[in-house]
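Spelled out from the first residue to the last, the chains are:
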Amino acid sequence: MQKVIAVLPARNVAKTLNSFLSNLPIKLFDEIILFDDASTDSTLNIAKKQRILKVYSSKRRLGYGGALKKCFAIALAHKADIIVEIHPDGEYKPDGITPALKKIKKGARLVLGDRFSASRKGMRYWKIPTTKTLSAIDNLILGTKIKDFHQGFRVYTKELLKKVQWQSNSNGYIFSFEIIAQAVYQNSSIASVPVSTRYTGKRRGLNFIQSIVYALKTFWVLSLFILSRLGYKNTQVVFK
C-alpha cells in the first residue's frame with residue numbers, strides 16, 4: 001500500500017486555513033503536513049490547533065521553492081510514496097486530488113493541475129492568454145503536450161524525487177517549472193487533471209511585474225534545458 005502525504009506550503013493563510021481544511025478530503029491521506037514559511041499573521045497558531053496536521057515552521061522566510069524543499073524532505077522522511085502539494089490559501093479546490101491519484105496508479109510520476117479544463121473563477125483576465133502562450137512555448141521546447149504548466153496543484157512520486165535534483169533548484173516560484181523540466185529531461189511520465197480554482201482578493205497569484213519576471217526565468221530554464229540536451233554542463237538547474 002502506497003503512503004500518500006499531503007503537503008501544505010503556507011504563508012499568511014490565517015483567514016483561509018480553517019475553511020480550506022474543512023473542504024479537504026482528509027481520508028485520502030495518511031498524513032497531512034503543513035510547513036509555515038515565517039508567516040507574519042496567526043497561521044502557525046491556528047495550524048497547531050488542528051489535530052489532523054503535523055506542523056513545521058521556519059523563522060526565516062524561505063520562499064515558495066525553499067518551503068517546498070522542506071515539505072519534500074519532511075514527507076520523504078515520513079516514508080511518503082506519493083506527495084500531494086495543495087495550497088491552503090483556498091485558491092485551488094480539492095477536486096483534482098482523486099483523479100490525480102488515479103493517474104499515479106496508472107504510471108504517471110508527476111501530475112499537474114489543468115485550470116483551463118475546469119472552472120477558474122476570478123483569474124486575472126490578462127493571465128489567460130499569457131499563460132496559454134507561455135505554456136505553448138514550453139511545450140515546443142520541451143516536446144510535451146501539457147496545457148497548464150504554471151499553476152499550483154501538483155502530485156509527485158517518490159520515484160520522481162529520487163531521479164531529479166530538486167534540492168539544487170531555486171527557492172523562488174520558478175522552482176515549480178524547474179522540476180517539470182527536470183522530469184521531462186529524465187523522461188518521467190507527466191499527466192494532468194482538471195482542477196477548479198477560485199481566485200479572490202487583491203493577491204490572486206503573481207502580479208503583472210512578478211509574472212514578467214517569472215516568464216523570463218522560464219526562458220532561462222528552457223535555455224539550460226536545451227544546453228543540457230546538447231551536452232553542455234550547467235550549475236543553475238541540474239539535469240542529470
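Bear in mind that the values here come from a model prediction, so they are computed numbers and not experimental data.

What follows deals with the packing of helix H7 (residues 175–185) against helix H8 (residues 208–229). It is the contact of H7 with H8, at a shortest axis distance of 10 Å, that shows an interaxial angle of 20 degrees. When the axes of H7 and H8 are compared, the pair comes out roughly parallel. Seen along the crossing, H7 lies across H8 with a hand that is right-handed. Residues Ser176, Phe177, Glu178, Ala181, Val184 and Tyr185 of H7 pack against Tyr214, Thr218, Val221, Leu222, Phe225, Ser228 and Arg229 of H8. A per-class count over the contact of H7 with H8 returns 8 nonpolar, 3 polar and 2 charged.

Let us look at the packing of aromatic side chains. For the structure shown, the criterion picks out 6 aromatic pairs. Measuring from centroid to centroid gives 5.3 Å for Phe72 and Trp166, while their planes differ by 90 degrees, and the two rings are edge-to-face. Linking Phe72 in helix H3 (residues 63–77) with Trp166 in the loop between helix H6 (158–163) and H7, this pair joins segments that are 94 residues apart in sequence. Judged on exposure class, the residue Phe72 and its partner Trp166 are both buried. Centroid distance Tyr185 to Phe225: 5.9 Å. Interplanar angle 80 degrees. Geometry classified as edge-to-face. Here Tyr185, found in helix H7, pairs with Phe225, found in helix H8; they are 40 residues apart in sequence, far enough to count as distant. Per residue, the accessibility class of Tyr185 equals that of Phe225, and both read buried. Within the aromatic cluster, the residues linked to one another by ring pairs are Phe72, Tyr156, Trp166 and Phe175.

So, how was this worked out
- Residues numbered from 1 in each chain as written.
- Predicted model: local features only at pLDDT ≥ 70, side-chain atom pairs only at ≥ 80, totals over all residues.
- Heavy atoms only, no water.
- Axes fitted to C-alpha atoms, helices over the stretch in contact; angles between N-to-C directions.
- Helix = DSSP H or I, 4+ residues; strand = E, 2+ residues; numbered from the N terminus.
- Parallel < 35°, antiparallel > 145°, perpendicular 65-115°, else oblique.
- Left-handed = near helix turned anticlockwise from the far one by under 90°.
- Contact = heavy atoms within 4.5 Å.
- Nonpolar A, V, L, I, M, F, W, Y, C, P; charged D, E, K, R; others polar.
- Phe/Tyr/Trp six-rings, centres within 6.5 Å; stacked < 30°, edge-to-face > 60°.
- Buried < 20%, exposed > 50% of the residue type's maximum accessible area, 1.4 Å probe, protein only.

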